[in-house]
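Chain and residue survey
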2 protein chains.
Amino acid sequence: MERRRRSAEPLTLERIVEAALVELDASGADGVSLRGVARRLGVHVTSLYNHVPSKPALLDAMVDRALSGITPPDPHAPWQERVRTLAVDFYQALAAHPALIPVLASERGRPTSPGLFAVMEAALTCLSDAGLSPSHQVSAFRGFLAMVMGLVITHTRGAESTLEAAELAWREAGMAGLSTERQALMALAPYFLSTRPAADLEFVLDTWLAGLGHLGAADTPARKDRGT
Amino acid sequence: MERRRRSAEPLTLERIVEAALVELDASGADGVSLRGVARRLGVHVTSLYNHVPSKPALLDAMVDRALSGITPPDPHAPWQERVRTLAVDFYQALAAHPALIPVLASERGRPTSPGLFAVMEAALTCLSDAGLSPSHQVSAFRGFLAMVMGLVITHTRGAESTLEAAELAWREAGMAGLSTERQALMALAPYFLSTRPAADLEFVLDTWLAGLGHLGAADTPARKDRGT
DNA sequence: ACCTGAACACCGTTCAAGT
DNA sequence: ACCTGAACACCGTTCAAGT
């Protein structure tokens, strides 16, 4: 067998990003440290600085990498179908690394890879095809991003534990007198436990697309009123 | 004048949370440190541990405090109006401390104050009044939270800078050959700059409510097809 | 060109004292 | 009961050496 080398492969940005994503999945957003990544690669911390200028830059690269799998949908498909495809792809890319959301939510994590702008372009084209005004296309695009990112947040935080925290708080506070005030919550408790993320995403997309069709299509007859 | 006291007022959890929110707004989510909060209060770091057990617990308390201003809307108003009121209140509470979103998005920041559960109850009642099935009420509730949180993220990250980053990346990559592929993005550039957060929220709520009305009302005639 | 190691100014948290 | 200060095991980042 050959003499032990410093490392099996040369240190590259790609290997660093890969190791950082492994650490992210294992330890959460707060658990990612350059020292930990270096340890995982069998390398001294300061060696990383030969390939990445700072920790924020590494976080940017991680976001880029995690979202790089998304590709624009078939442009010949109906726009509703394209929106669905994009939403599901985006959701899955984020859900694969949910700890990336705090990174996206902070000022860091600005993706700059050209591939993502192609996806952005595809999403905007869908909304243009939906018959929205330019300003509404922008609002719908932001709403689209918001919806998917937000759903990953709510699913990651765990609907179960939110409900558990609620019950716990009630018991600790001993608020039996308010029981009539939490009828809806109590009645829905089992559904909070049984309704899966995929069902949420599907319902939200159904609602979103129905609303877009309703607002975007000028030939919809249900918009008679003006004043109220 | 009296002898200089250690501090003008006694150290309390409330004062600590208040100082932490000031530090959050000034320095971002990553900039909040117990040492910094203690410095701001003119107190030794370890004194904080007499009032709060850990940094995660402080972050929870900060979320609770930031959302404590939201109150349930008038239950006699139409459900659509109640949804709008709740969304705007929730949005504004988050937008007042946008750096709180990364906290919410991580495993930390679980609100436990009873007042928030009253708000949760009110939101669920709206969706019940909208005629949704229990499972759809849960999905709609999660979508509602997702939408507002996500919008704050997109607005905080800044649509302008996203666009600037896009233009910069294009120029750096020198992708003039792909110019036909980014028609929608180029055409919408001025609207990305001019469309305000309030307009996004309004459009998203309009779309959301139109879609909910469309899906929730069984007497809507536009749902004829079944197979496709 | 790339890796090492010491060093700097920070962290959160624990613990023994003080009052 | 509450505040202090030293101490511990961490951080990100810089810089002078090494090869």
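To keep things clear, this report deals only with the structure shown in the data block. (Residues numbered from 1 in each chain as written. Chains lettered and ligands numbered in written order. Predicted model: local features only at pLDDT ≥ 70, side-chain atom pairs only at ≥ 80, totals over all residues. Heavy atoms only, no water.)

**Re the protein's contact with DNA strand D**
- Arg35(A), Thr46(A), Tyr49(A), Ser47(B) and Asn50(B) are the nearest of the 20 residues found near DNA strand D.
- Per the 4 Å cut-off to the protein, sugar and phosphate atoms form 49% of the nearby atoms of DNA strand D.
- The contact in question runs from a phosphate oxygen of DNA strand D to an N or O atom on the backbone of Leu34(A), over 3.1 Å.
- A distance of 2.9 Å separates a phosphate oxygen of DNA strand D from a polar atom in the backbone of His44(B).
- Taken together, the elements giving at least two residues each to the surface near DNA strand D come down to helix H2 (34–41) and helix H3 (55–67) of chain A. (Near = heavy atom within 4 Å. Polar contact = N/O pair within 3.5 Å; in protein donor to acceptor, adjacent residues only side chain to side chain. Helix = DSSP H or I, 4+ residues; strand = E, 2+ residues; numbered from the N terminus.)

**Description of the packing of helix H1 (residues 13–27) of chain B against helix H3 (residues 55–67) of chain B**
All names here are of chain B.
- Contact pair H1 / H3: the axes reach a minimum separation of 10 Å and the direction vectors enclose 85°. When the axes of H1 and H3 are compared, the pair comes out roughly perpendicular. Counted together, Glu-14, Ile-16, Val-17, Glu-18, Ala-20, Leu-21 and Leu-24 of H1 and Leu-58, Ala-61, Met-62 and Arg-65 of H3 form the full contact between these two elements.
- Tallied by class, residues from the contact of H1 with H3 come to eight nonpolar, no polar and three charged. (Axes fitted to C-alpha atoms, helices over the stretch in contact; angles between N-to-C directions. Parallel < 35°, antiparallel > 145°, perpendicular 65-115°, else oblique. Contact = heavy atoms within 4.5 Å. Nonpolar A, V, L, I, M, F, W, Y, C, P; charged D, E, K, R; others polar.)

**What to know about the pattern of salt bridges**
Residue and element names in this part refer to chain A.
- Here the structure, examined in full by the defined rule, presents eight salt bridges over all chains.
- Here Arg-40 makes a salt bridge to Glu-23, at a shortest N to O gap of 3.2 Å. Within this pair, whereas Arg-40 is found in helix H2, its partner Glu-23 is found in helix H1 (residues 13–27), the two being separated by 17 residues in sequence.
- A relative accessible area of 43% places Arg-40 in the partly exposed class. (Salt bridge = Lys/Arg side-chain N within 4 Å of Asp/Glu carboxyl O. Buried < 20%, exposed > 50% of the residue type's maximum accessible area, 1.4 Å probe, protein only.)

**Re the protein's contact with DNA strand C**
- Residues in close proximity to DNA strand C total 20 residues, the closest being Ser47(A), His51(A), Arg35(B), Thr46(B) and Tyr49(B).
- By atom count, sugar and phosphate contribute 48% of the portion of DNA strand C lying within 4 Å of the protein.
- The contact in question runs from a base oxygen of DNA strand C to an N or O atom on the side chain of Thr46(A), over 3.1 Å.
- Note that a base nitrogen of DNA strand C is positioned 2.3 Å from one of the side-chain N or O atoms of Arg35(B).

**Description of the packing of H1(B) against helix H2 (residues 34–41) of chain B**
Residue and element names in this part refer to chain B.
- Between H1 and H2, whose axes approach to 9 Å, the crossing angle comes to 115°. By the angle between their axes, H1 is roughly perpendicular relative to H2. When the axes of H1 and H2 are compared, the crossing they make is right-handed. In contact with Arg-15, Ile-16, Ala-19, Ala-20, Val-22, Glu-23 and Ala-26 of H1, H2 contributes Gly-36, Val-37, Arg-40 and Leu-41.
- Here the residues of the contact of H1 with H2 sort into seven nonpolar, one polar and three charged. (Left-handed = near helix turned anticlockwise from the far one by under 90°.)

**Notes on the packing of aromatic side chains**
- Using the criterion set out here, one finds two aromatic pairs over all chains in the structure.
- Between Phe141(A) and Phe192(B), the ring centres sit 5.8 Å apart and the planes meet at 80°, which makes this aromatic pair edge-to-face. A residue pair is termed interchain when its members come from two chains, as with Phe141(A) in helix H7 (residues 134–157) and Phe192(B) in helix H9 (residues 183–194). (Phe/Tyr/Trp six-rings, centres within 6.5 Å; stacked < 30°, edge-to-face > 60°.)

**Points about the side chain of Ser106(A)**
- Within the secondary structure, Ser106(A) is located in the loop between helix H5 (100–105) and helix H6 (114–129).
- Not counting the four nearest positions on each side in its chain, Ser106(A) is found in contact with Pro102(B) and Arg157(B).

**Focus: the environment of Leu188(A)**
- Among the structural elements, Leu188(A) can be located in helix H9 (residues 183–194).
- Between the C-alpha atoms of Leu188(A) and Asp64(A), which are 124 residues apart in sequence, the distance is 38 Å.

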